[in-house]
Amino acid sequence: GITAPTLTVIPTDSSFNIEGQKVAQQFRAAGISVATDVGTKKLQKKIKSASDALVEYILVLGDNEAASQKYTVKNLADGTETSGSIDTLIKTITT
């Protein structure tokens, strides 16, 4: 089957889709496999889709994240969350 991406970026609203693609691009540049869920489903459904696809991490992108440039990745396997800059999160995912 298709290998799930390591990280799925989930915009909370379609107005953040472009921002989501930009964020995803930065993780991709670091060699992390990333998808951006630009669908119109509700947030909980997007998270469930990522979980069902065995994605390791999700990054939910909304008002706060877009404004602050601080993001949170959640490890779907154990539920732990790490917040910080993209550089910090890249280290979290790659180590």
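Read on for an overview of the structure. (Residues numbered from 1 in each chain as written. Predicted model: local features only at pLDDT ≥ 70, side-chain atom pairs only at ≥ 80, totals over all residues. Heavy atoms only, no water.)

Right, let's get into the sheet that holds strand β2 (residues 34-36). Taken in spatial order, the 5 strands of this open sheet run β2-β1-β3-β4-β5, and their pairing is mixed. Of all the strands in the sheet, just β2 and β5 (81-84) have a single pairing partner and so form its edges. Strand-to-strand twist of the sheet, defined as the mean angle between neighbouring strand axes without regard to direction, takes the value 20°. With 3 bridges joining them, strand β1 (residues 7-11) and β2 adopt parallel strand pairing. Along β2, the bridge assignment pairs Leu7 with Val34. Across the sheet, helix α1 (residues 17-29) is in contact with β1, β2, β3 (57-61) and β4 (71-75); its angle to β2 comes to roughly 180°. (Pairing = 2+ DSSP bridges. Helix = DSSP H or I, 4+ residues; strand = E, 2+ residues; numbered from the N terminus. Axes fitted to C-alpha atoms, helices over the stretch in contact; angles between N-to-C directions. Contact = heavy atoms within 4.5 Å.)

Here Asn17 shows up in helix α1. For Asn17, a relative accessible area of 14% corresponds to the buried category. What Asn17 contacts, discounting residues up to four positions off in sequence, is Pro11 and Val38. (Buried < 20%, exposed > 50% of the residue type's maximum accessible area, 1.4 Å probe, protein only.)

Function cannot be read off these values alone, since they describe shape.
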